[in-house]
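Coordinates in review
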Amino acid sequence: MTTPTDPAMEAVWRTHRTRVLGALLRRHGDARDCEDAAQDALLAAAEQWPRDGLPDDPGAWLVRVASRRLIDRVRSDGARKAREEVAVREEDALHRGVLMTHEPEPVTVPDDVVEMMLRCCHPVLSPSSRVALTLRAVGGLTTRQIAAGFLVPEATMAQRISRARATLAAGGATFGAPDPTELPERRAAVRHVVSLVFTEGHQRSSGDTVVDRAFVEEALRLARVLHEACPEDPENAGLLALLLLTAARTPARTDAAGDLVPLDQQDRRLWDQALIHEGVHLLEVCLPRGGVGQFQLQAAVAAVHAEAASAQDTDWPQVLALYRLLDAVAPSAATTVALATATAEVEGAVAGLVVLDGIQDPRWHRVHVVRGHLLARAGDLDGARRSWAEAAKLTRSIREQRHLNGLIEELDR
């Protein structure tokens, strides 16, 4: 046994979270019960591991303790008497050692993560609820992080996740293996899950760092698994290409002090050319297949940026055309912000501001960030100052707050 540290605990939990939840969900269909039992096991680990040391097989330890907690939960709920028999059988199996240290898992961890995501993306839920619930149950994101990805208040997201769980429970939905006819729809939801995990890693929504490499690497790994499992789906290739091309910029996204470096100021010599080549190759293979979807279009934009030797060499008319296609295929606030930026580069800042005015909800800080840049370019420095100040108030990222306050200080000089 080794003595765990807090970062070690976090790393262990990220590694084994899906294995624990998967083991519970295979035996018990209620997602809330399983999540609560898994959380109980983590709390037990936080109490015992610093005292007793890290177990030789932390994952099996967590599965064993979580299974016991789940049995206790099922037995203590009088409204679930129908599940008593299942609980008794599980306890018998536990005493026989079925859930002990060397419990066999039917699939490897990488495939298991995708499998659990596919199971969580249940068709009785709305598309957004599938993604939100899966991010919470399997993706490892907090409710606050998920809310940031969906551009909604944290309380709204908490209610959405709670309603999703209630819908599953009311419909008697289980997390069994998906029907093959449901797989395309479920894969589409999983792609969004992986994309949002990557986004949280590439641009943290809160905290004192810009990048969370663990989330970035996990999202890349999951995107590879999706693509390898179904290579004929061009959107799987598009997702992987998008993540590769975006992750290629990571070495240049922060300076020596860890502060944010905007895309147009990055040292492109630091970009990972191997990732760029892989991403571009994937696009060259999948785009000619037809049926171009949102991830392929986003990847195509990333490829235009990646292939420009400098910010000034960016083919903005092509970027604008791609974002207009994306706006037609998958309209969203994020697409509108990107479209406004591209429009400003081609048609001027005022035209970009007109596009940006199409966003009705002003609570997303990125809207104010871009508005500030466009107002500054249009000569409205007071408006730019107000927009950046509002953005700094709305974001929970300390590094982004620092960057925005620096922009305001430059205007005041």
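This is a predicted model, so every value here is computed, not measured.

**Things to note about the overall build of the protein chain**
For the protein chain, the count of helices and strands is 19 helices and 2 strands. Taking all 413 residues of the protein chain together, 50% fall into the buried category. Accessible surface for the protein chain amounts to roughly 19100 Å². Of this, 52% is attributable to carbon and sulfur atoms.

**Comments concerning the side chain of His368**
Along the chain, the position of His368 falls in helix H17 (residues 365-377). Owing to a relative accessible area of 12%, His368 belongs among the buried residues under this scheme. Apart from residues lying up to four places away in sequence, His368 is in contact with Pro362, Ser387, Trp388, Glu390, Ala391 and Leu394.

**Digging into the confidence of the model for the protein chain**
Mean pLDDT over the protein chain stands at 83; residues scoring 70 or higher make up 83%. Contacts for the low-pLDDT stretch residues 95-110, under 50 throughout, to residues beyond four places or in other chains number 29 contacts.

**Quick look at the nonpolar core**
Burial of nonpolar side chains together is a common tendency in soluble globular proteins. In this structure, Met117, Leu135, Val194, Leu243 and Leu245 are the most contacted members of the largest nonpolar core, which totals 62 residues. What Val194 contacts, discounting residues up to four positions off in sequence, is Met117, Ala219, Leu222, Ala223, Leu226, Leu239 and Leu243. By size, the runner-up hydrophobic cluster in this structure holds 19 residues, among which are Ala340, Leu353, Leu375 and Ala392.

**As for helix H15 (residues 333-347)**
Taking 1.5 Å of rise per residue, the 15 residues of H15 would be expected to cover 21 Å, and the 20 Å separating its terminal C-alpha atoms lies within 8% of that figure. For H15, the full list of buried residues reads Thr335, Thr336, Val337, Ala338, Leu339, Ala340, Ala342, Thr343 and Ala344. Its buried side turned inward, H15 meets helix H14 (316-329), helix H16 (349-356) and H17. Positive phi shows up at Gly348, right after H15, with a value of about 110 degrees.

**Some words on the pattern of salt bridges**
Pairing between side chains becomes possible if they bear opposite charge and their charged atoms approach one another. By the definition in use, this model includes 18 salt bridges. Between Arg191 and Asp233 there is a salt bridge, with its nearest N and O atoms 3.1 Å apart. In this pair, Arg191 sits in helix H9 (residues 183-202) while Asp233 sits in the loop between helix H10 (213-229) and helix H11 (234-247), placing the two residues 42 residues apart along the sequence. Look at Arg191 and you get buried, because its relative accessible area is 7%. Since its relative accessible area comes to 17%, Asp233 is described here as buried. Glu278 serves as the salt-bridge partner of Arg224, at 2.6 Å between the closest nitrogen and oxygen. Highlighted residues: Arg224 in helix H10 and Glu278 in helix H12 (residues 273-286), separated in sequence by 54 residues. Assessed through its relative accessible area of 29%, Arg224 is described here as partly exposed. Using a relative accessible area of 28% as the deciding quantity, one classes Glu278 as partly exposed.

**Observations concerning the side chain of Thr143**
Here Thr143 lies in helix H7 (residues 143-150). Judged by relative accessible area, Thr143 falls into the buried class, the value being 18%. Those residues in contact with Thr143, other than ones at most four positions away along the chain, are Arg136, Glu154, Met157, Ala158 and Ile161.

**Focus on the packing of H11 against helix H13 (residues 294-307)**
Each packed pair of helices is defined by two parameters, the angle between the axes and the distance between the axes. Relative orientation of the contacting elements H11 and H13 amounts to 30 degrees, with a least axis distance of 8 Å. One element, H11, and the other, H13, form an angle in the roughly parallel class. By crossing handedness, the relation of H11 to H13 is classed as left-handed. Contact with H11, carried on its side by Pro234, Glu235, Gly238, Leu239, Ala241, Leu242, Leu245 and Thr246, involves Gln294, Phe295, Gln296, Gln298, Ala299, Ala302, Ala303 and Ala306 of H13 and no other residues of that element.

**Here we look at H17**
In this model H17 runs 19 Å from its N-terminal to its C-terminal C-alpha over 13 residues, within 8% of the 18 Å that 1.5 Å per residue would give. Taken as a whole, H17 has its buried residues at His365, Val367, His368, Val369, Val370, Arg371, Gly372, Leu374 and Leu375. Among the structural elements, H15, H16, helix H18 (381-394) and helix H19 (398-412) are those in contact with the buried residues of H17. Positioned one or two residues after H17, Gly379 has a phi angle of 95 degrees, which is positive.

Conventions adopted
Sequence order as written defines residue numbering, which begins from 1 separately in each chain. Note on the predicted model: pLDDT of at least 70 is required for a residue's local features to be given, and 80 or more for side-chain atom pairs to be given and counted; whole-chain, interface and lining totals, by contrast, use all residues. Excluded from the side-chain calculation are hydrogens and water; included are all heavy atoms of the structure. Where helices and strands are cited, they refer to DSSP runs of H or I of at least four residues and of E of at least two residues respectively, numbered from the N terminus. For each residue, the accessible area found with a 1.4 Å probe, counting protein chains only, is set against the maximum for its type, and the residue is called buried under 20%, exposed over 50%, and partly exposed in between. Working definition of accessibility: Shrake-Rupley area with a 1.4 Å probe, residue cover restricted to the visible protein chains. Throughout, a residue-residue contact means that at least one pair of heavy atoms, one from each residue, lies within 4.5 Å. In predicted models, pLDDT denotes the confidence assigned by the predictor to each residue on a 0 to 100 scale. Definition of nonpolar core: a set of buried residues of the types Ala, Val, Leu, Ile, Met, Phe, Trp, Tyr and Cys, connected through side-chain atoms within 4.5 Å. A helix is expected to span 1.5 Å for every residue after the first. Salt bridge, as used here: a side-chain nitrogen of Lys or Arg that lies within 4 Å of a carboxyl oxygen of Asp or Glu. In this analysis, axes come from line fits to C-alpha atoms, helices being fitted only over the stretch in contact, and the angle between any two N-to-C directions falls in the range 0 to 180 degrees. When describing relative orientation, an angle under 35 degrees is termed roughly parallel and one over 145 degrees roughly antiparallel, while 65 to 115 degrees is termed roughly perpendicular and anything else oblique. A clockwise turn of the near helix away from the far one marks a right-handed crossing, whereas an anticlockwise turn of less than a right angle marks a left-handed crossing.

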